[in-house]
Amino acid sequence: MNQDLPVSQAEEHRSAFNRRDFLGITAATVAVAAVGDLALPKQAYAAAMSTPIPATLPDLPWPDSALAPVISANTLSFHYGKHHRGYLTNLNALLADETSRVAQKLKGKSLEEVMFATYKRMDHTAVKIYRNAAQVFNHDFYWKSLSPTGGGEPGGEIAGMINSAFGDFNTFKTMLIDMATNQFGTGWAWVAIDNRKKIKILGTNDADNSLTLHRMVPLLTIDVWEHAYYLDYQNLRKNHVTAVVDKLLNWEFANQNLANLNR
Ligand code: FE
């Protein structure tokens, strides 16, 4: 386990949210506080909080056979065509419910605003909206985190940031593979940036992501739900994760995300 991971920070955030729930502070207040906690430049807030909720599933950034043999077209047909599509269909149906007061309050919000407004809410509908909204965000980010020409060692700004945070790329790579492999049950591994602009490797459970759980802007993610690899690798998650890191991670996308924060 990486001793540098901000596990205690995550616990603090959980406690803070629990206190806010107890005190009856509104979801809107929590959302504002959550964004404020990012402590990044104003433009970065806008970049991190402005994804429109799509009415229909956006196209993948590459053909569905482009990631083979690391991720087969068969896996992608289920992962993108069934799982990702299902989350978006569920989200839009939940938000369109004219009888739901929760849904009505979320009209016109960005995907990230919907995530923050429903995070840790006790209301059953809000919980369902959060899970589906976060999974829509996570999968969209995941596809962009993969490239048929990805993998290997990064260049650009992130290369120096990895070296200063982890010493060298191989140490970082070993820790990322370890985090993704050992994330218990369903979840995600994230490369994200904290409010001191330091690179972090994080794990999140189920639909949680680095924004909602850790208040950290994501740079890359790896899906470690079984639906991401089981058809190709069965129970050998580490083989899948290692191949993704070696062959597919889109460092160009990570550098673009960093550049967005610097604008
Ligand atoms: Fe998935």
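We now turn to the structure provided with this report. As the structure is a prediction and not an experimental result, all values here were calculated from the model.

Structural notes on the packing of aromatic side chains
Alright, step 1. Tallied over the entire structure, the rule returns 14 aromatic pairs.
Alright, step 2. Summarising the aromatic geometry, the rings of F141 and W190 are spaced 6.1 Å apart at their centres and angled 45° between planes, so their arrangement reads as tilted. On the criterion of sequence distance, the pair formed by F141 in helix 7 (residues 124-144) and W190 in strand 1 (residues 187-193) is long-range, its members being 49 residues apart. The same class applies to F141 as to W190, namely buried.

Observations regarding the side chain of Q135
Alright, step 1. Position of Q135 relative to the elements: it lies in helix 7.
Alright, step 2. Here Q135 falls in the buried class, since its relative accessible area comes to 1%.
Alright, step 3. A polar contact is formed between the side chain of Q135 and the side chain of N138, at a distance of 3.1 Å.
Alright, step 4. For Q135, the side chain forms a polar contact with the side chain of W188, separated by 3.2 Å.
Alright, step 5. Excluding residues within four positions of it along the chain, Q135 makes contact with Y87, W188, D206, A207 and W225.

Here we look at the coordination of the iron ion
Alright, step 1. Protein coordination at the iron ion comes from H79 (NE2), H139 (NE2), D223 (OD) and H227 (NE2), with a distance range of 1.9 to 2.1 Å.
Alright, step 2. Around the iron ion, the 4 donor atoms are arranged such that angles at the metal cover 86 to 130°; this shape is classified as tetrahedral.
Alright, step 3. D223 gets classed as buried once you look at its relative accessible area, which sits at 0%.

As for the packing of helix 8 (residues 156-166) against helix 13 (residues 251-262)
Alright, step 1. Contact geometry of helix 8 with helix 13 gives a least axis separation of 7 Å together with a crossing angle of 90°. As the angle between them shows, helix 8 and helix 13 are arranged roughly perpendicular. Across from G156, E157, I158, M161 and I162 in helix 8, the residues of helix 13 making contact are W251, A254, N255, L258 and N262.
Alright, step 2. For the contact of helix 8 with helix 13, the per-class residue count stands at 6 nonpolar, 3 polar and 1 charged.

Let's talk about the environment of L57
Alright, step 1. For L57, the location among the structural elements is in the loop between helix 3 (42-48) and helix 4 (73-95).
Alright, step 2. Counting along the chain gives 29 residues from L57 to G86, while the straight-line C-alpha distance between them is 9.6 Å.
Alright, step 3. For L57, the contacting residues outside a window of four places in its chain are Y80, H84, R85 and L88.

Here's the deal with the pairing of strand 1
Alright, step 1. A large share of strand 1 lies buried, amounting to 7 of its 7 residues.
Alright, step 2. The alternating pattern of strand 1 places G187, A189, V191 and I193 on one face and W188, W190 and A192 on the opposite face, and all of these are buried.
Alright, step 3. Sheet analysis places strand 1 next to strand 2 (residues 199-205), joined by 7 bridges and oriented antiparallel. Opposite W190, over in strand 2, you have L202 as the bridge partner.
Alright, step 4. Between strand 1 and strand 2, which pair antiparallel one after the other, the connecting turn spans 5 residues, and K197 there sits at a positive phi close to 60°.
Alright, step 5. Summarising the sheet, strand 1 and strand 3 (residues 217-223) pair through 6 bridges and their orientation is antiparallel. Looking at strand 3, one finds that V191 is bridged to L220.

Quick notes on the packing of helix 4 against helix 7
Each pair of packed helices gets described by two things: the angle between the helix axes and the distance between those axes.
Alright, step 1. Where helix 4 meets helix 7, the closest approach of the two axes is 9 Å, and the angle between their N-to-C directions is 140°. Looking at the two axes, helix 4 sits oblique to helix 7. As for how helix 4 packs across helix 7, the hand of that crossing is left-handed. Contacts between helix 4 and helix 7 pair L76, H79, Y80, H84, G86, Y87, L88, N90, L91, L94 and L95 from the former with K128, I129, N132, A133, Q135, V136, H139, D140, Y142 and W143 from the latter.
Alright, step 2. For the contact of helix 4 with helix 7, a count of residues per class yields 12 nonpolar, 7 polar and 2 charged.

Looking at helix 4
Alright, step 1. Compared with the 33 Å implied by 1.5 Å per residue over 23 residues, the 31 Å span of helix 4 between its first and last C-alpha is a close match.
Alright, step 2. In the structure, helix 4 departs most strongly from a straight axis at R85, where the bend amounts to approximately 30°.

Digging into the sheet that holds strand 2
Alright, step 1. Read across the open sheet, the 3 strands follow the order 2-1-3; overall the sheet is antiparallel. Looking at strand neighbours, the two that pair on one side only are strand 2 and strand 3, the edges of this open sheet. The mean inter-strand angle of the sheet, taken between neighbouring strand axes irrespective of direction, is 25°.

The rules we used
Residues numbered from 1 in each chain as written. Predicted model: local features only at pLDDT ≥ 70, side-chain atom pairs only at ≥ 80, totals over all residues. Heavy atoms only, no water. Phe/Tyr/Trp six-rings, centres within 6.5 Å; stacked < 30°, edge-to-face > 60°. Helix = DSSP H or I, 4+ residues; strand = E, 2+ residues; numbered from the N terminus. Buried < 20%, exposed > 50% of the residue type's maximum accessible area, 1.4 Å probe, protein only. Polar contact = N/O pair within 3.5 Å; in protein donor to acceptor, adjacent residues only side chain to side chain. Contact = heavy atoms within 4.5 Å. Donors = N, O, S within 2.8 Å, 3.2 Å for Na, K, Ca; no water. Tetrahedral: all angles 85-135°; square planar, octahedral: opposite > 155°, others 65-115°. Axes fitted to C-alpha atoms, helices over the stretch in contact; angles between N-to-C directions. Parallel < 35°, antiparallel > 145°, perpendicular 65-115°, else oblique. Nonpolar A, V, L, I, M, F, W, Y, C, P; charged D, E, K, R; others polar. Pairing = 2+ DSSP bridges. Left-handed = near helix turned anticlockwise from the far one by under 90°. Expected span 1.5 Å × (residues − 1). Bend = angle between axes of the 7 residues up to and from the residue.

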